[in-house]
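# Overview (structure and organization)
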Amino acid sequence: MIALAFCLLIAAGGGLGAPENEDTTHSVVFVVGAHHSGTSLANLLLQKHDEVSGLTDTHVPEDEGQHLQDIYNPAKNIGGMLHFAEHAEAHLDESSPLITPENQQRLFESWARYWNLSKPLLVEKSPRHTTMTRFLQKMLEPRKTYFLAIIRHPLGATHFRWGRSPLAAASDCGRSLIAHWLKIYETLEEDAEYLENLLVVKMEEFLTSENPQSYVDEMFTFLRRDEPPRITVTCSSGHKKKNSAREARLRRRVEEQLSRLEKTRSSEHAVYVQANAQIPFSPHCPRHTTAASFVKRVVDGGEVDLEQEQEE
């Protein structure tokens with residue numbers, strides 16, 4: 001069973017170093033986590049800080065760096081968002097032959113053109129990178145790298161699949177969705193001891209907290225930055241600030257992300273927050289298979305006997 005409680009881990013590490021003459025004045029933050037776990041929201045919140053720049057105007061899905069380089073395979077080439085972690089090429093670490101001085105420089109340059117390099121802290125967000133944190137830490141040396149991992153209950157992270165393709169998701173009653181979620185975070189957990197800077201935030205705790213600002217403060221304390229931005233979930237047309245166009249765009253996208261999470265959170269609450277929930281997992285699954293019991297048994301390593309559950 002995967003342990004869902006991570007801690008900030010500090011470890012020593014060496015490396016090839018950056019190619020000669022390359023700029024190493026920046027630190028890079030990688031926002032990682034399974035798809036639909038809240039990584040986009042975390043990425044946008046980080047970008048609201050004056051000393052942070054994220055990838056912008058890239059014209060690739062979600063402005064994700066994985067789609068802007070040609071050194072390693074992005075998720076779409078190794079199974080897609082629902083299967084990539086199970087592919088043989090998913091896990092990359094510091095022993096990868098892809099780590100060469102030339103590739104180190106190429107990778108940074110592929111992202112640098114979309115960052116504002118006048119900012120000291122550069123942010124990249126790709127769920128694909130959850131299984132290659134050690135590789136990225138080595139590739140970006142000697143720059144300081146941070147990994148902000150967002151974790152969300154597997155039913156929440158895969159909720160979109162049931163809405164878009166309920167029959168496909170129900171073909172194995174959601175087993176493959178949860179198995180892939182587990183593979184993503186088991187890989188991260190195994191790699192965590194090798195990472196110099198890792199912070200894990202649980203999305204449910206952030207969304208339901210009476211003081212969500214404290215989570216934002218924690219993120220920026222982790223990144224060693226003062227004056228974290230204040231959370232704003234409403235936008236007033238009469239409110240003007242410096243960089244108003246950028247600020248309005250970020251605020252609008254933050255609101256959209258919060259809205260999406262809020263829409264699914266109410267249904268997820270009934271499914272797995274209530275201890276004795278008896279909501280059917282799906283109308284296409286066996287009648288007595290509930291999400292709460294199913295997830296508990298799978299996450300704990302047990303098998304679900306569908307024929308037995310139908311008889312119960």
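In the block above lies the structure referred to throughout.
Everything quoted here is computed from the prediction, not taken from an experiment.

How each quantity is defined
- Residues numbered from 1 in each chain as written.
- Predicted model: local features only at pLDDT ≥ 70, side-chain atom pairs only at ≥ 80, totals over all residues.
- Heavy atoms only, no water.
- Buried < 20%, exposed > 50% of the residue type's maximum accessible area, 1.4 Å probe, protein only.
- Helix = DSSP H or I, 4+ residues; strand = E, 2+ residues; numbered from the N terminus.
- Pairing = 2+ DSSP bridges.
- Phe/Tyr/Trp six-rings, centres within 6.5 Å; stacked < 30°, edge-to-face > 60°.
- Lys NZ or Arg CZ within 6 Å of the ring centre and 35° of its normal.
- Axes fitted to C-alpha atoms, helices over the stretch in contact; angles between N-to-C directions.
- Contact = heavy atoms within 4.5 Å.

Turning to the pairing of strand 1 (residues 27-32), a few remarks are in order. In terms of burial, strand 1 is a largely internal element, six of the six residues being buried. On strand 1, burial covers both faces: Ser27, Val29 and Val31 on one face and Val28, Phe30 and Val32 on the other are all buried. The pairing of strand 1 with strand 3 (residues 121-125) spans five bridges and is classified as parallel. Within strand 3, the residue paired with Val28 across the bridge is Leu122. The pairing of strand 1 with strand 4 (residues 145-151) spans five bridges and is parallel. Its bridge partner lying in strand 4, Val28 is registered against Thr145.

This paragraph deals with the packing of aromatic side chains. Per the counting criterion, the structure on display carries eight aromatic pairs. When the centroid spacing of 6.1 Å and the interplanar angle of 70° are considered together, the rings of Trp111 and Trp115 count as edge-to-face. Overall, the relative accessible area of 6% leaves Trp115 in the buried class. By the ring-pair criterion, three or more aromatic residues cluster together here, those being Phe30, Phe108, Trp111, Trp115 and Phe147. The cationic tip of Arg134 hangs over the ring face of Tyr194; the distance from NZ or CZ to the ring centre is 3.7 Å. Above the ring of Phe108, the side-chain terminus of Arg143 is found at 3.8 Å from the ring centroid.

Quick look at the sheet that holds strand 4 now. Strands belonging to one sheet form pairs held by backbone hydrogen bonds; the direction of such a pair is parallel or antiparallel. The five strands lie next to each other as 2-3-1-4-5, forming an open sheet whose pairing is parallel. Edge strands, defined here as strands with exactly one partner in the open sheet, are strand 2 (52-54) and strand 5 (198-202). Put simply, the sheet's adjacent strands are angled 25° from each other on average, direction ignored. Taken strand by strand, helix 9 (residues 213-222) contacts strand 2, strand 4 and strand 5, and its axis lies near 170° from that of strand 5.

Another aspect to go through is unusual backbone geometry. With an omega of 5°, the peptide bond running from Glu141 to Pro142 counts as cis. Among the structural elements, Pro142 can be located in the loop between helix 3 (133-139) and strand 4. Residues other than glycine seldom take positive phi values, yet Glu62 does so here, at roughly 55°. With respect to the helices and strands, the residue Glu62 is situated in the loop between strand 2 and helix 2 (101-112). Exposure remark for Glu62: the relative accessible area of 38% places this residue in the partly exposed category. In the Ramachandran plot, Arg224 falls in the positive-phi region, its phi being about 60° despite a non-glycine side chain. Relative to the assigned elements, Arg224 resides in the loop between helix 9 and helix 10 (244-273).

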